[in-house]
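Chain and residue survey
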Amino acid sequence: MTQRPRHFASDNNAGISPEVLAALTEANQGHVVGYGHDDYTERAQAGVSEIFEKECGVYFVSNGTSANCLALSAFLQSYHAVIAHEHSHLETDECNALSHFVHGAKALPVSGPNGKIDPDTMFQIITSQRPVHGSLPRAVSLTNLTELGTVYRPDEIRKIADIAKRFEMIVHVDGARFGNAVASIGCSPAELTWRAGVDVLSLGGTKNGLGFGEAIVFFDPAAAAAFEYRLKQSGQLASKMRFLSAPWLGYLKDGRWLDRARHANLMAARLEKGLLALTEVEILYPREGNAVFAKISDAAVDKLHERGWRFYNDVGPDRAARLMCSWDTTEEDVSEFVEDLKAALR
């Protein structure tokens, strides 16, 4: 069986981008004060604030699950609930980590087309909770890009945020692929977050060129009072914090994070175009970022696996093939995959 150097299983599978690796290497010089009290971390925090056009509370953690749950934990008590889409990572792929970080807290799954929360359904879920007897909705968590590869626009976020604020709820965004969302619709990061009513963001980088580490961004720094205690207690206050924070200096420099995301999106668009030409393949959801979801016959999938291609074939409500493009996906990768799929379908 052939082993492909690049495939479409996950953007997690790609390596570290050169500019990030260079920033990490640069940080690996001499002795530096630990626990985030260093120049690299301070500059990275300022860099994140700069892209959002305001002073933010910025904290670096090791992975996305920790980022989501710690961000929410700053606002939750044990009797609280978080509204999340039924196919969100928080609901389906984090092993109920929310209740580990905040004992007793729970997610309330909400439906909606193409991976997006339906505002009317959200309102019904909130108002159907019996006072005292049911968990009190305290937050809504959106995923942008969604788990089905679609994008929330600022007006869609604002509509959900308006409902949330009526019930004194905060708005969290799981931005594991936030760069792909921004690159997709061409708005500013600020327009897609705090200007639309978002309170806190889990800003992802691992899927877009970082090797490890995500950022938690509080758009009101006062909301993160004593947050370092939560980091420490959860094992997320890194002693050598510069190795979590310094890569962000390379990631954000000269807008490279958006360049990498645009490339991944472009490769996905190219892949979608190739698949649309095959009558035996069905595209399931709007392709708005770096993911293409398609119905491919099991026989063809088996043949592609034999040729060394890797991708998940059981994702989402339709148990579909999810084809993820990455910052390092090439036009040749896409063309070879489409040609091999054509052969497999024959």
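Details of the structure are given in the entry above.
Throughout what follows, the structure given in this document is the object of discussion. This structure is a prediction, so every number in the text was calculated from the model and none was measured.

With that out of the way, let us pick up the overall build of the chain. Tallying secondary structure elements over the chain gives 13 helices and 11 strands in all. Taking 2.2 N^0.38 as the reference for a compact globule, 346 residues should give roughly 20 Å; the C-alpha atoms of the chain span a radius of gyration of 20 Å, in line with that estimate. Here the C-alpha coordinates of the chain stretch approximately 60 × 55 × 35 Å along the principal axes. The buried share of the chain, taken over its 346 residues, is 54%. In the chain, of all internal contacts separated by at least 6 residues, the share reaching a separation of at least 24 is 77%. Working note: accessible area of the chain is about 15100 Å², and carbon and sulfur atoms make up 48% of it.

Another aspect to go through is the pairing of strand E9 (residues 291-295). Counting buried residues along E9, 4 of its 5 residues qualify, which places the element largely inside the surrounding structure. One ladder, built from 2 bridges, connects strand E8 (residues 282-283) with E9; its direction is antiparallel. Following the sheet pairing, Glu 282 is matched in E9 by Lys 295. In this sheet, strand E11 (residues 320-324) lies alongside E9 in antiparallel orientation, the contact comprising 4 bridges. Each bridged residue has a counterpart across the sheet, and for Ala 294 the counterpart in E11 is Ala 321.

Okay, the pairing of E11 next. Burial runs high along E11: 5 of the 5 residues are buried. Here strand E10 (residues 312-315) pairs with E11 via 2 bridges, running antiparallel. In the sheet register, Tyr 312 faces E11, and the bridge partner there is Arg 322. Linking two consecutive strands that pair antiparallel, namely E10 and E11, is a turn of 4 residues; a positive phi of about 80° is found at Gly 316 within it.

One pass over the structure, following the stated rule, counts 17 salt bridges. A salt bridge links Glu 53 to Arg 195, with the shortest nitrogen-to-oxygen separation between them at 3.1 Å. Of this pair, Glu 53 sits in the loop between helix H2 (39-51) and strand E1 (57-61) while Arg 195 sits in the loop between helix H8 (178-185) and strand E6 (200-203), placing them 142 residues apart in sequence. A relative accessible area of 39% means that Arg 195 is categorised as partly exposed. For Asp 340, the salt bridge is made with Arg 307, and the minimal N-O distance between the two is 3.3 Å. Here Arg 307 lies in the loop between helix H12 (298-306) and E10 and Asp 340 lies in helix H13 (residues 331-345), a separation of 33 residues in the sequence. Of the residues examined, Arg 307 reaches a relative accessible area of 36% and is grouped as partly exposed. Linked by salt bridges that have partners in common, Arg 4, Arg 307, Glu 336 and Asp 340 make up one network.

Here we take up helix H6 (residues 119-128). Residues of H6 that are buried: Pro 119, Met 122 and Ile 126. Mapping the buried residues of H6 onto a view down its axis gives an arc of 55°, with all of them on the same face. The outward face of H6, more than 90 degrees from its buried face, is lined by the exposed residues Asp 120 and Gln 124. Check the buried side of H6 and you find it contacts strand E2 (80-85), strand E3 (106-110), strand E4 (136-143) and helix H7 (154-166).

Within the secondary structure layout, Ser 141 lies in strand E4. Of the polar contacts made by the side chain of Ser 141, one reaches the side chain of His 172; its length is 2.8 Å. With residues up to four places along the chain from it excluded, the contact list for Ser 141 reads Val 82, Ile 83, Ala 84, His 85, Leu 90, Ile 117 and His 172.

We now examine the packing of H12 against H13. Put simply, H12 and H13 touch, their axes get as near as 9 Å, and they point 130° apart. Here H12 is positioned oblique relative to H13, judged by the angle of their axes. Crossing geometry of H12 relative to H13 is assigned as right-handed. The segment H12 lies against H13, with Ala 300, Lys 303 and Leu 304 engaging Phe 337, Asp 340, Leu 341, Ala 344 and Leu 345.

Our focus in this paragraph is the sheet that holds E3. Here we have 7 strands laid out as an open sheet, ordered E1-E7-E6-E5-E4-E2-E3, and mixed in their pairing. The outermost strands of the open sheet, each flanked by one partner alone, are E1 and E3. Shown here is a sheet whose adjacent strand axes are inclined to one another by a mean of 25°, direction ignored. The pairing of E6 with strand E7 (residues 214-218) spans 4 bridges and is classified as antiparallel. The partner of Leu 203 across the bridge, within E7, is Ala 215.

Taken in spatial order, the 4 strands of this open sheet run E8-E9-E11-E10, and their pairing is antiparallel. Because the sheet does not close on itself, it has two edges, and the strands there are E8 and E10.

Conventions we followed
Residues numbered from 1 in each chain as written. Predicted model: local features only at pLDDT ≥ 70, side-chain atom pairs only at ≥ 80, totals over all residues. Heavy atoms only, no water. Helix = DSSP H or I, 4+ residues; strand = E, 2+ residues; numbered from the N terminus. Rg over C-alpha atoms; globule rule 2.2 N^0.38 Å. Buried < 20%, exposed > 50% of the residue type's maximum accessible area, 1.4 Å probe, protein only. Contact = heavy atoms within 4.5 Å. Areas by Shrake-Rupley, 256 points an atom, 1.4 Å probe, with all protein chains shown as cover. Pairing = 2+ DSSP bridges. Salt bridge = Lys/Arg side-chain N within 4 Å of Asp/Glu carboxyl O. Arc of directions from axis to C-beta. Polar contact = N/O pair within 3.5 Å; in protein donor to acceptor, adjacent residues only side chain to side chain. Axes fitted to C-alpha atoms, helices over the stretch in contact; angles between N-to-C directions. Parallel < 35°, antiparallel > 145°, perpendicular 65-115°, else oblique. Left-handed = near helix turned anticlockwise from the far one by under 90°.

No statement about biological role is implied by the geometric values presented.
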